[in-house]
Structure formats: structure tokens, C-alpha cells
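Remarks on the overall topology
Here is what each chain is made of, one letter per residue.
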Amino acid sequence: MRKNIVAGNWKMNKNLAEGLELAKAVEQSLQNTKVNCEVIIGTPFIHLATVAQTIDTSVLKVSAQNCADKVSGAYTGEVSAAMVASTGASHVILGHSERRAYYHETYDILKEKVLLALENNLTPIFCIGEVKEEREANKQNEVVKAQLEGSVFNLSAEDFSKIVLAYEPVWAIGTGLTATPQQAQEIHAYIRSLIAEKYGNEIAENTTILYGGSCKPSNAKELFANPDVDGGLIGGAALKAEDFMGIVTAF
Ligand code: 13P
């Protein structure tokens, strides 16, 4: 059966000392709490090695928020999937709407990033989701379908079964607006049906699909109660150990 996961995406927040403090606080709470999901923190690149070497990554896994679409070489400022893996991180968030919107990451670029992550034994947490205008035009299904077809449906069944998906409606990110549990369930079920069509029922049933967008301790339980919502990708509420743990314990 598929895993339940709660993953934090710290985005561009916390300096190294603050990040380490937050990671340790989450790890400590996890040591003292029985949880029913896998827990991951997505830190800025520069924190990865220190955090992964300081905490017990069997209790709290560490993720990057991006990696390069090239293997190595003269790409000033980039960080490769192999470098991310060498820090002790196990996951990488790819295709986040902020990277698509502000850094012009196309379907093809993301396709390369996913392949390189997998080659380096990193688990991609691949994000998809529509913007407000697309939701208002009732185009959310075609948008997520195109995003999947554009960047991950090229994968072999074996590779596809290694990835985690995150549905993040862009209109719900950092806005305080959350998809209703019904809206989340409806589109998660649709995403799972697309996976079943492409890779068969077994792989579809085993794929973890996270919800992201203004998820907080007060709404996590209702969202996670849906049969096709397997956890969350958490932004703002991942920046305080107490809030993040409030979501983790919603399972
Ligand atoms: P918020 O939880 O701050 O809305 O961010 C969600 C997100 O983008 C996680 O990747």
C-alpha cells in the first residue's frame, strides 16, 4: 500500500543556524511522538549537508527543493542531483509552481530533472496544479494531465513507481485559501485515474499523492481523511515545529 507522507517545503526561509534549530526541533518531537506517516523537510540547498548529518534521517528525511537539469560542468550557480544525493538528502521537490512561474521551468526541463534525480536515487516529489484562472474556467483536469504527460509519463513503470506526486493548486499556495476536502479528493482521484490508465491499477494504488496549499493543523485532518489524499506538502506551516507537528499528527 502507498505511504502517507507529510513534507515541509521551507522555500527561501531560515538561515543555516535557524534551519538547523528547526530541523532538530522537528526531529526531537518525532522521537517523542508516535506518527503514522513518513516525515520529510525540504530545506534550502546550503542547509542540506549540515541538517542531514545532524539529524537521524531514518526519523526525519531531508529533501532539496530543486536540482539542475544537467549532469555536471560549466553551469554557474547550479546544483546537480548527484551533489544533492551526496549530502545525505533522499528527496527533491521538482516542478513547484514557483519554479515554473518565476524560473521558467518547462515540461522538458522538468523531465530532465526528474530523470537525473532518479538516476541519483533521489525520490522526486513532483508538483502539479492549476492557477486561479484555470480553476475558474474549470480547466484543472486538463492542466494536471498536461503536466503529468509533459514531464513524468515518459518514465518506465519501474521509475514512475518511485516518484511522489503533490497536487498544489496555485491559488491556494500562501493565500490562506485551501481547496475544500471535496475539491482535493475529486482531483486526486482524477490524477490517480490517469496513472491507472497509463501504468495500471497497482501502480496507481501505490502512488502517494500529496495535497499542498495553505494546509495547516486546523484543516489537515479533513484533507487527509479523503481516500486519495495521502498527505501534504506544507509551506508556511512547516516553518514552526509546533505547526508542522500539528499537521504530521493529523494522521
Ligand atoms: P503554503 O502551505 O504556504 O500555502 O505553501 C504550499 C506550498 O507551496 C508547498 O510546496
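Each remark here, short or long, concerns the structure printed above.
Note on numbering: residues in each chain are counted from 1, in written sequence order. Only residues with pLDDT of 70 or above have their local features reported here, since the model is predicted, and side-chain atom pairs are shown and tallied only from 80 upward, although totals for entire chains, interfaces and linings are computed over all residues. Side-chain descriptors were evaluated using all non-hydrogen atoms of the structure, hydrogens and water having been removed beforehand.

Around the ligand, the neighbouring residues are N9, K11, H96, E168, A172, I173, G174, G213, S214, L233, G235 and G236. Side-chain atoms alone can form a polar contact between residues adjacent in sequence; in general such a contact is a pair of N or O atoms within 3.5 Å, and within protein one must be able to donate a hydrogen while the other accepts it. Here an oxygen atom of the ligand and a side-chain polar atom of K11 are 2.8 Å apart. At a separation of 2.7 Å, an oxygen atom of the ligand approaches a polar backbone atom of S214. Only the protein chains shown count as cover for residues, and all accessible areas are computed by the Shrake-Rupley method using a 1.4 Å probe. Surface burial for the ligand is 95%, taken as the share of its 300 Å² of free accessible area covered by protein chains. Across the shell around the ligand, the residue classes break down as three nonpolar, seven polar and two charged. A cutoff of 4 Å decides nearness: a residue is near a molecule or strand if any of its heavy atoms lies inside that distance of it. Three categories are distinguished: nonpolar for Ala, Val, Leu, Ile, Met, Phe, Trp, Tyr, Cys and Pro, charged for Asp, Glu, Lys and Arg, and polar for the others, with Gly belonging to the last.

Now for the pattern of salt bridges. Each salt bridge in this description consists of a side-chain nitrogen of Lys or Arg and a carboxyl oxygen of Asp or Glu lying within 4 Å of one another. For the structure shown, the criterion picks out 14 salt bridges. Across the pair E136 and K132 runs a salt bridge, and its minimum N-O distance is 3.8 Å. One end of the pair, E136, and the other, K132, are both in helix α6 (residues 132-136), four residues apart, so they sit about a helical turn from each other. In this structure E136 comes out as exposed when scored by relative accessible area, which is 59%. Between D159 and K162 there is a salt bridge, and its shortest N-O distance comes to 3.3 Å. Assessed through its relative accessible area of 39%, K162 is described here as partly exposed. Put simply, DSSP marks the helices as runs of H or I at least four residues long and the strands as runs of E at least two long, and each gets a number from the N terminus on. Three exposure classes are used, based on accessible area relative to the maximum for each residue type with a 1.4 Å probe and protein chains only: buried under 20%, partly exposed in between, and exposed over 50%.

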